[in-house]
Amino acid sequence: MSATSIHMILHDLALADPEHPALIHGDGIISRGRLDAWSDAIADHLAAAGVLAGSIVALQFETSPTLIATAVGVLKLGAAYSVMDQEWSVQRLRRIDEVLGGAFSVAGPGRVSGCFRHEIELPVFDEPFVFADSAREAAPVEGGDVATIFFTSGSTGEPKAVLSTHDATVRLFVGEQRLAYFDDQTVMPHLGSSAWDALPFEVWGPLLNGGVSVLRKHRALAPEELRREITDRGVNSVFFTTSLFHVLVDEDASAFDDLRVVYVGGEELSSAHVARFLARHPGIPLFNGYGPAESTCFALVHRVTSDDTRGAIPLGRPVPRTGVHILDGERECGPDEVGELCVSGDGVSPGYLGDEVSTAAKFVQVLIGGRRLRIYRTGDYGAKTADGVFTFAGRRDRELKIRGNRIDAGQIERTASAFDGVAQCAVVPLLGPSRRPESIALAVVPAGNHFDEGSLKNTLRNSLPPGWAPDIVVRLTAFPLTGNGKLDTVALHAAAAKVMSAHGDSDASDPVGAAFAEVLGGAHVDPEASLFDLGGTSLSAVRLCRALSRVTGLSVPASVVISHPSVSMMRAWIAEQPVTVPPVSADAAGPAASSPLTGMQSAFLFQHLDGNDAQNHAQLAWRVSGPLDVDRFAEALQDVQHRHSYLQGRYAFADRATWNRAERPITIEYLEAPTEESALPLLQSTLDTPFSLFEGNVWRAVLCRLKEREQHLLGVSVHHIAFDGWSVRILVEDVAEAYRARCAGCEPRFAHAATVPSAVYAETERVRSLAKLAKQREYWATELAGIPAGPAPWITPTLCADSGVKRIDVPLTAAEADLVGRRAIGSGLLARFIAALGETLVDVTGAEDVTIGIPISQRSTPALQDTVACLINMMCVRLRTDGAGDATAHAAGAVQAALRNSDLSIAEVARAAGQTGQTLYQVIAAVQDSPAAQLQLGDCAVDPIDLPYQHLAAPLFVELIAEDGVASGVQVAYDSALVTASTAGRVSAGVIARLLDTEGTAHGSEG
């Protein structure tokens, strides 16, 4: 038997001093001797139940002394333990039983789950345990034998069992080269999940050195709790996930006072947070650790100094009995050369239990330095400096995501390289305020003196897919290189940033001009030109509101931008504004328990009185192919639920319509179906199930597993009272981040702080206060006077046998989209679309007085940008046709006038026009230009499913689909019980023809 097995080291320490504390749990202390004797008793009970050397035992206990004693007892039998997280679902536990091949499971009295084929109920043992000078006869164990199994919460939906040996743990904590500050004085809390490799670090680490592990049931740790652990339990050594470390530094850096050492790991460490920590605690050693579960705890560790905060924090040097290598394929990279981080040595896992394919792919034999080593390929990239310090370089992935577009940087570079006059080029992602890539520059080293930048930009725009052309070209005399001749990407980004900064300095004294330039793509803006003459759209106007708010500190309503569409006009309006109170932030608003609703939300709540308003559901769906971790995905949804208050609110009528704080979790429905064809009706039916807003049931997710392996359909339904088109991107990105974090075993780090409802309401009211609402009421009273009563001419009740919502989709070719864009310059895409629809309705129905409803965004300030909420309004545009004049110009004027008076809710507009109780419009038109969003779920391929409309808010719904101001098609949805297929077909064909200014209806369909 190896003297370095976990349980034998613990037994030897018990022999040396049986009364020395080993575990602290609440007010109880478990000594070394008691833990050893307790584990003997458990081992006897398990042996009698059939556990043998080589068995695998699943432990179903919460973090407690019983869990640790049982784990030691399992090890004494020569078996391996695997801790089951108490929050794992029955479905996941049953699948784990399959992966483990029918392993034993142990739980406390009355706590067996019924998910495992061989379950053992552990009794409550009589105490005190009698410590013996010699351990029970243990099964032979070698250092390379498996001690524990971690089930990854990575990007695998199928639970992946990572095997970890005794050596993998012991190497870190035993011997002269063990990790620093682990000794018999160590008192460390167990903060991480016991199911993950936090347990070896936070429990076995202290115990194997004769120290103490403090067991905590709850993983979260606030600053005041950390202080209590230090004061009351004697905690002096702590391991924090990076996210938790950042939070504690942000909230109260003094909470670390009196600690002896701090270890951090799990994610990339923030230099700014490290600098603040070291400034407060220069005498507390701070270690940054890196290592996947496949190498147990850490493979690299670095003691961080203040010098490290000038750049990215290094990963450090290999831990004992561990090799780390930077490889390009099987070639070892030179100093500072980026390659894949690969790990060898005693910490490397034997592989994945029951998954030979993944084991063969990730654990390989490679010849390094004349020796053939078994390595684990991490998939991460980094470099090693000349003095042996490893650094992190992320993932070597040339695909970028900019403004919702997936962009291949390599293809851009190849296209630019073929242009005459380009010697070298490289794509440089430019980060926005969110620290995510928001635009791209192309760094170019010209060939000779005849480089034509304008021609290059035109070539790229014409040769690349829409949205791929770089926003700016940065000329450099030479590319920066590393010492070994490779492109120095860090220096290249710095050079590009310097040029960009110089480019932006010209607008530094003119923040208004800078805001216009930002929205219009970075070009210099004629101060007298209209936003819409320069190619701006309605979405551009909303973006401009936020950009102006950010640079001026004012809340700028969309109606003001429409009324003041040039730089000069906007400067004049800003100069007239008094100093205002800053926007209400989430923090300033505090955790208010209730908040009034906006006008549109109130309307949605009124429609919900009978609980049967399925037409107000927003629905999304995706096809998910690959290893989806269902449990981590469920955790991610709960994270998003907790983050966005409107999704977890209870809505009610008191003196007015209100949102009220509630703690109800999201509803997740699990379905099964043999094929996608059979699954879609089930998915749709479940998504259509009515919500109960009064009880806090606001949204649901539906996950349908198909018979084919690793295939799912995912659907999300959200009531419109909490959701709009802009919210889609926020929801999707937050779900992706939460899933990534949960798969990594850490808390999500969202890009923005979500605003609470009271702050949202306060900000929307503040924006309204800047508008001239009285004049707007006068406008609508006049504009909507005498609108036609009764059904619109295009509404003809039908006897369609297959009644329901039907849809006609007409895509545009790239050439047609370009033509639509060019012809919209001056009037704007929305105005041209409304003109085309209005003319078409006149032509199709003979109506000469048409009122169209248009949804518009109310996210005009930065404070309203990143919240999942219903921040829309409906706007009326009335088109009266007499056959004379330019119809497009007339529509453009009507749209602009409506936008200038768009701060009143649609209910207020109706009251102003004396139309309370009457429908103002029976056709809705929208330019669907909300930011695109691609759901990313680890290694899964995720493709959107275009769900058919089930309900419409008006008999006829016409959409112009656009992205970044470029039209891509027209959709006409209609209620076939009220609108004939012929009418809908003529509408779709007519809109397309008028957008293109063509004769005929080649694109149209009559049903």
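Residues numbered from 1 in each chain as written. Predicted model: local features only at pLDDT ≥ 70, side-chain atom pairs only at ≥ 80, totals over all residues. Heavy atoms only, no water.

(A) Spotlight on the side chain of T686. Looking at where T686 falls in the secondary structure, it is placed in helix 21 (residues 676–687). Beyond its immediate stretch of four places on either side in the chain, T686 contacts E669, L671, R700 and V702. (Helix = DSSP H or I, 4+ residues; strand = E, 2+ residues; numbered from the N terminus. Contact = heavy atoms within 4.5 Å.)

(B) The arrangement of the environment of A71 in detail. One can find A71 in helix 3 (residues 65–76). Residue A71 is classed as buried on the basis of its relative accessible area of 3%. Along the primary structure A71 and S39 are separated by 32 residues, whereas in three dimensions their C-alpha atoms are 7.9 Å apart. For A71, the residues in contact, after removing those within four places along its chain, are L59, Y81 and W204. (Buried < 20%, exposed > 50% of the residue type's maximum accessible area, 1.4 Å probe, protein only.)

(C) Representation of the confidence of the model for the protein chain within the structure. Confidence in the prediction of the protein chain, expressed as mean pLDDT, is 83, and 85% of residues score 70 or more. Segment residues 482–486: pLDDT under 50, and eight contacts once partners within four positions in sequence are set aside and those in other chains are kept. A low-confidence stretch, residues 504–508 (pLDDT under 50), is modelled with two contacts involving residues beyond four sequence positions or located in other chains. (pLDDT = per-residue confidence, 0-100.)

(D) Molecular detail of the pairing of strand 9 (residues 187–190). Side-chain alternation along strand 9 places V187 and P189 on one buried face and M188 and H190 on a second face that is also buried. Alignment of strand 9 against strand 10 (residues 212–215), held across four bridges, turns out to be parallel. Across the sheet, V187 pairs through a bridge with V212, a residue of strand 10. Handedness of the crossover joining strand 9 and strand 10 through helix 6 (residues 198–208): right-handed. (Pairing = 2+ DSSP bridges. Right-handed = clockwise from strand over helix to strand, strands pointing away.)

(E) Up close: the packing of aromatic side chains. Inspection of the entire model under this criterion finds 22 aromatic pairs. Here Y779 and W780 contribute two aromatic rings whose centre-to-centre distance is 4.9 Å and whose plane-to-plane angle is 75°, an arrangement assigned as edge-to-face. Each member of the aromatic cluster is reached from another via a ring pair, and the members are F173, Y181, F182, F201, F239, Y263, F287 and F298. Against the face of Y352 rests K160, its NZ or CZ located 4.8 Å from the ring centre. (Phe/Tyr/Trp six-rings, centres within 6.5 Å; stacked < 30°, edge-to-face > 60°. Lys NZ or Arg CZ within 6 Å of the ring centre and 35° of its normal.)

(F) Fine view of helix 22 (residues 725–743). Its 19 residues give helix 22 an end-to-end C-alpha distance of 28 Å, which sits within 8% of 27 Å, the value for a rise of 1.5 Å per residue. For helix 22, a buried count of 16 out of 19 residues is recorded, marking the element as mostly surrounded by other parts of the structure. In the stretch just after helix 22, G745 is the one whose phi turns positive, near 75°. (Expected span 1.5 Å × (residues − 1).)

(G) Quick peek at the side chain of D724. Relative to the elements of secondary structure, D724 occurs in the loop between strand 33 (711–719) and helix 22. Classification of D724 by relative accessible area gives buried; the value is 3%. In contact with D724, not counting residues within four places along its chain, are R859, A869, C870, L871 and I872.

(H) Region of the structure containing the sheet that holds strand 2 (residues 28–31). One open sheet accounts for four strands, arranged 2-1-10-9; its pairing is mixed. The open sheet has two edge strands with one neighbour each: strand 2 and strand 9. For this sheet, the mean angle separating the axes of adjacent strands, direction not counted, is 25°. Across three bridges, strand 1 (residues 21–25) lies against strand 10 in parallel orientation. (Axes fitted to C-alpha atoms, helices over the stretch in contact; angles between N-to-C directions.)

(I) Structural context of the sheet that holds strand 28 (residues 617–625). Spatial strand order, 31-32-33-28-38: five strands in an open sheet with mixed pairing. The sheet is open, and its two edges are formed by strand 31 (667–673) and strand 38 (941–944), each paired on a single side. Pairwise comparison of adjacent strand axes, ignoring direction, gives a mean angle of 20° for this sheet.

(J) Molecular detail of the nonpolar core. Judged by nonpolar contacts, the single largest core of 142 residues is most densely connected at M570, Y651, L731, I834 and L956. Within the second largest apolar cluster, 71 residues are counted, among which are W88, L199, L208 and V261. (Core = buried A, V, L, I, M, F, W, Y, C linked by side-chain atoms within 4.5 Å.)

(K) Up close: the pattern of salt bridges. Under the counting rule described, the total for this entry stands at 37 salt bridges. Note that R216 and E225 form a salt bridge whose closest N and O atoms lie 3.7 Å from each other. For E225, a relative accessible area of 24% gives the class partly exposed. Note that D307 is salt-bridged to R310, the shortest N-O span being 3.3 Å. One salt-bridge network, in which partners are shared between bridges, spans E765, R768, R777 and E908. (Salt bridge = Lys/Arg side-chain N within 4 Å of Asp/Glu carboxyl O.)

(L) Inspection of helix 23 (residues 757–769) at higher detail. A rise of 1.5 Å per residue sets the reference length of helix 23, with its 13 residues, at 18 Å; its end C-alpha atoms lie 18 Å apart and thus fit the reference within 8%. Taken as a whole, helix 23 has its buried residues at P757, S758, A759, V760, Y761, E763, T764, R766, V767 and R768.

(M) Representation of the packing of helix 1 (residues 6–16) against helix 5 (residues 166–173). Contact geometry of helix 1 with helix 5 gives a least axis separation of 9 Å together with a crossing angle of 45°. Considering the angle they form, helix 1 stands oblique to helix 5. Here helix 1 contributes I6, H7 and I9 to the contact with helix 5, which in turn contributes H166, T169 and V170. A per-class count over the contact of helix 1 with helix 5 returns three nonpolar, three polar and no charged. (Parallel < 35°, antiparallel > 145°, perpendicular 65-115°, else oblique. Nonpolar A, V, L, I, M, F, W, Y, C, P; charged D, E, K, R; others polar.)

(N) Quick look at the environment of P109. Tracing the sequence through the fold places P109 in the loop between strand 5 (104–107) and strand 6 (118–121). Taking the C-alpha atoms as reference, P109 lies 5.7 Å from E121; in sequence the two are twelve residues apart. The contact partners of P109, leaving out residues within four places of it in the chain, are E121, L122, P123 and V124.

(O) Local environment of the packing of helix 5 against helix 6. Look at helix 5 against helix 6: their axes get within 9 Å of each other, and the N-to-C directions meet at 60°. Here the hand of the crossing between helix 5 and helix 6 comes out right-handed. In this structure, helix 5 uses T169, V170 and F173 to contact helix 6, whose residues at the interface are P200, F201, W204, G205 and L208. Broken down by class, the residue content of the contact of helix 5 with helix 6 amounts to six nonpolar, two polar and no charged. (Left-handed = near helix turned anticlockwise from the far one by under 90°.)

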